[in-house]
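Topology and contacts: notes
These are the residues of each chain, in order.
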Amino acid sequence: MYERQGFILKAPHLRRLAVRDLFVNRGPNFFSLLLKPLTELTHLDLSSAFHNQGMAGFSWLLHVPHLLSLTLHNVKDVEQSLDSLVQLSQLRHLDVSQCGEPRGFFSRPSIFLETLVTALPSLTSLDISGTNLAGTGAQGAASPGCDIKGLASRVSHPLAFLGLYKTSDSASGWQHIPAATVSGDSNEAQILEAGRRYMDRPTVLENILNDLFHVFRYETCVNLRQALDILLLAMERHNHEKHIQISGSASLYYVVKSESLKRDWNVKVKRKILTTLLNGMLTHREDPTMMRNGCLTLCQFTIPQDVLFDYERLVRILLHIVSEHTSEENNFIQRAGIFLLNSLACQVDGAQKQLVGSLGAIERMLGIITEKLQAGICDDVMETAWSTMWN
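First, a word on what this report is: a plain description of the structure on this page. These figures come from a predicted structure and were not determined experimentally.

1. Some thoughts on helix 13 (residues 331–346)
- Counted at 1.5 Å a residue, the expected span for helix 13 with its 16 residues is 22 Å, and the 23 Å between its end C-alpha atoms agrees.
- Within the sequence span of helix 13, burial applies to Ile333, Gln334, Ala336, Gly337, Ile338, Leu340, Leu341, Asn342, Ser343, Leu344 and Ala345.

What follows is the structure, encoded as structure tokens:
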């Protein structure tokens, strides 16, 4: 159909187009038909685009010669695009980053990069994350003031931004990088920059959250509020991505236990944290790691005062935890859940006590006590179950 009509989108005045995760099974002229009518396009994002019959050397990019921004993140065979890219002389931002090998491997990385930046004088922002385009470091550099051989020509006029997150040979940790701002994985500032820029890339974001976790656990986080904003936005935007929720909630625990944050946070911040955490716990309530992280984080708040605004959802989650996460390896989760539930029940008024009861708390507690009796176990879980019923 597209071949017959000669176009896919007839929008000659369109300036911005983002088509992510596109899979084209057949039709060798698809991208040419897509872009040819879009003569005024200035911003194009084809992240993770794939054509089963190949990308035809990316020659279709020449249909949009006025591009200022081009994103080819995680696009296969992007090394073949060089002949077309060097003709897009107005480009200011270019992203050829990858999610790692094998797509991130370029056969002649320094030549590719040098040819690219020499041909694009207006370029101020370049992302080569997840590739080997940075080369091998100072020993292979062409300039004493630049550790990235392909960027030696930019020493006198550095890029405003350079993406080096998860590049080969840990390039983000090199000393001489011709860029004002760098996203990378070598220090807190670079990781936070990566978090801000790659919020819509779940695979990359999962790695970033893992890096942030190590900052919180083993180092002193300097920009705690910025880190918190990134954590909350990542968890909020990717609620159904289990690994993002697990990594995010693990870091949240270290954030909320920070005395410096507790001195400054207000009701709005607390509620934002709790709402985001409960959303993740409800979505992934069958995952024991998520439940453990959630319970540990909840214990850092003042119960019940901080959670009264979302009381019913929290009760439902805790009742699920104490009833379903009962195996021996999940013993800690059940203990934490029943402790929190008891704290909720014993310090609230009649209406909220009635709510806990109406949601089946008594029946759940009796079930726990019965299981313990049948197993011949008398422990703190059983004791707290009796206490919760009393309250």
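Having put the structure on the table, let's press on.
2. Concerning the side chain of Gln98
- In this fold, Gln98 is placed in the loop between strand 6 (93–95) and helix 4 (109–119).
- A polar atom in the side chain of Gln98 sits 3.5 Å from the backbone oxygen of Val96.
- Among all residues touching Gln98, those that are not within four sequence positions of it are Leu72, His73, Asn74, Val75, Val78, Arg103, Gly104, Ser129, Gly130 and Thr131.

3. Here's the deal with the environment of Val256
- Considering the arrangement of structural elements, one finds Val256 in helix 8 (residues 242–256).
- Sequence-wise, Val256 and Phe301 are 45 residues apart; in three dimensions their C-alpha atoms are separated by 8.1 Å.
- Beyond its immediate chain neighbours, meaning those up to four positions away, Val256 contacts Leu261, Lys262, Trp265, Ile273, Thr297, Gln300 and Phe301.

4. Notes on the nonpolar core
- Ranked by size, the top nonpolar core spans 59 residues in total, and within it Ile273 and Met281 carry the most contacts.
- For Met281, the contacting residues outside a window of four places in its chain are Met290, Met291, Gly294, Cys295, Leu298, Ile317 and Ile321.
- Counting residues in each nonpolar core, the second largest holds 51 residues, with Leu38, Leu46, Ile148 and Leu162 among its members.

5. Re the pattern of salt bridges
- Under the defined criterion, the tally for this structure stands at 14 salt bridges.
- Note that Arg237 is salt-bridged to Asp200, the shortest N-O span being 2.8 Å. Of the two residues, Arg237 is situated in helix 7 (residues 224–237) and Asp200 in the loop between helix 5 (188–197) and helix 6 (202–218); the sequence distance between them amounts to 37 residues.

6. A word on the sheet that holds strand 5 (residues 69–71)
- Taking strand neighbours across the sheet as the criterion, the 7 strands line up as 1-3-5-6-7-8-9 in an open arrangement whose pairing is parallel. Looking at which strands have only one partner, the edges of the open sheet turn out to be strand 1 (16–18) and strand 9 (179–183). Looking at each pair of strands side by side, their axes are set apart by 5° on average, direction ignored.
- As judged from the 3 bridges shared by strand 1 and strand 3 (residues 43–45), these two strands associate in the parallel manner. Opposite Ala18, over in strand 3, you have Asp45 as the bridge partner.
- Here helix 5 sits on the sheet in contact with strand 8 (159–163) and strand 9, set at roughly 75° to strand 9.

7. Observations concerning the packing of helix 7 against helix 10 (residues 267–283)
- One can describe the packing of helix 7 onto helix 10 by two numbers: an axis separation of 10 Å at closest approach and a directional angle of 35°. The hand of the helix 7/helix 10 crossing is left-handed. Between helix 7 and helix 10, the residues in contact are Arg225, Leu228, Leu232, Met235 and Glu236 and Val269, Lys272, Ile273 and Thr276, respectively.
- Broken down by class, the residue content of the contact of helix 7 with helix 10 amounts to 5 nonpolar, 1 polar and 3 charged.

8. Here's the deal with the side chain of Ser125
- Counting through the fold element by element, Ser125 comes out in strand 7 (residues 125–127).
- A polar side-chain atom of Ser125 sits 2.7 Å from a polar atom in the side chain of His93.
- The residues touching Ser125, leaving out its near neighbours within four places in the chain, are Arg92, His93, Leu94, Leu159 and Phe161.

9. Brief notes about the pairing of strand 8
- Burial within strand 8 is extensive, with 4 of its 5 residues counted as buried.
- Bridge count for strand 7 against strand 8 is 3 bridges, and the pairing is parallel. Of the residues in strand 8, the one forming a bridge with Asp127 is Gly163.

10. With respect to unusual backbone geometry
- With an omega of 5°, the peptide bond between Ile303 and Pro304 qualifies as cis.
- On the secondary structure map, Pro304 appears in the loop between helix 11 (288–298) and helix 12 (311–324).
- A positive phi is found at Asp77, a non-glycine position, where the angle reads about 60°.
- Within the fold, Asp77 resides in the loop between strand 5 and helix 3 (82–85).
- Accessibility expressed as a relative area gives 36% for Asp77, which makes it partly exposed.
- You will see that Asp169, though not glycine, has its phi angle at about 60°, which is positive.

11. Details of the packing of aromatic side chains
- If you walk through the whole model with that rule in mind, you get 9 aromatic pairs.
- With centroids separated by 5.4 Å and ring planes inclined at 90°, the aromatic side chains of Phe30 and Phe31 adopt a geometry described as edge-to-face. Just as Phe30 is buried, Phe31 falls in that class too.
- Ring pairing ties together the aromatic residues Phe30, Phe31, Phe58 and Trp60, which thus form one cluster.
- The ring of Phe161 has Arg197 sitting right over it, with the charged end atom 3.4 Å from the ring centre.

Rules used throughout
- Numbering of residues starts from 1 in each chain and follows the order in which that chain's sequence is written.
- For this predicted model, a pLDDT threshold of at least 70 governs which residues receive local features, and a threshold of 80 or more governs which side-chain atom pairs are given and counted, while totals over whole chains, interfaces and linings are taken from all residues.
- Based on all heavy atoms of the structure, the side-chain values leave hydrogens and waters out of the count.
- Secondary structure elements are defined from DSSP: runs of H or I of at least 4 residues count as helices, runs of E of at least 2 residues count as strands, and each element is numbered from the N terminus.
- The span expected for a helix works out to 1.5 Å for each residue beyond the first.
- A 1.4 Å probe rolled over the protein chains alone gives each residue an accessible area, and that area as a share of the maximum for its type sets the label: buried under 20%, exposed over 50%, partly exposed in between.
- Pairs of N or O atoms are called polar contacts if they sit within 3.5 Å, as long as, within protein, a hydrogen donor faces a hydrogen acceptor (for residues adjacent in sequence, only side-chain-to-side-chain pairs).
- Contacts between residues were defined by any pair of non-hydrogen atoms, one from each residue, lying within 4.5 Å.
- Put simply, a nonpolar core is a bunch of buried Ala, Val, Leu, Ile, Met, Phe, Trp, Tyr and Cys residues held in one set by side-chain atoms that sit within 4.5 Å of each other.
- Put simply, a salt bridge is a Lys or Arg side-chain nitrogen that is within 4 Å of an Asp or Glu carboxyl oxygen.
- Any two strands with at least two DSSP-identified bridges between them are counted as paired.
- Comment: axis = line fitted to C-alpha atoms, over the contacting stretch for helices; angle = value between 0 and 180 degrees taken between N-to-C directions.
- By convention, the crossing between two helices is left-handed when the near helix turns anticlockwise from the far helix through less than a right angle, and right-handed when the turn is clockwise.
- For this classification, Asp, Glu, Lys and Arg are treated as charged, while Ala, Val, Leu, Ile, Met, Phe, Trp, Tyr, Cys and Pro are nonpolar and the rest, including Gly, are polar.
- Any pair of Phe, Tyr and Trp rings, taking the six-membered ring for Trp, is counted once the centres come within 6.5 Å. Such a pair is stacked with planes under 30 degrees apart, edge-to-face with planes over 60 apart, and tilted for the rest.
- Whether a charge sits over a ring comes down to the Lys NZ or Arg CZ being within 6 Å of the ring centre and within 35 degrees of the ring normal.

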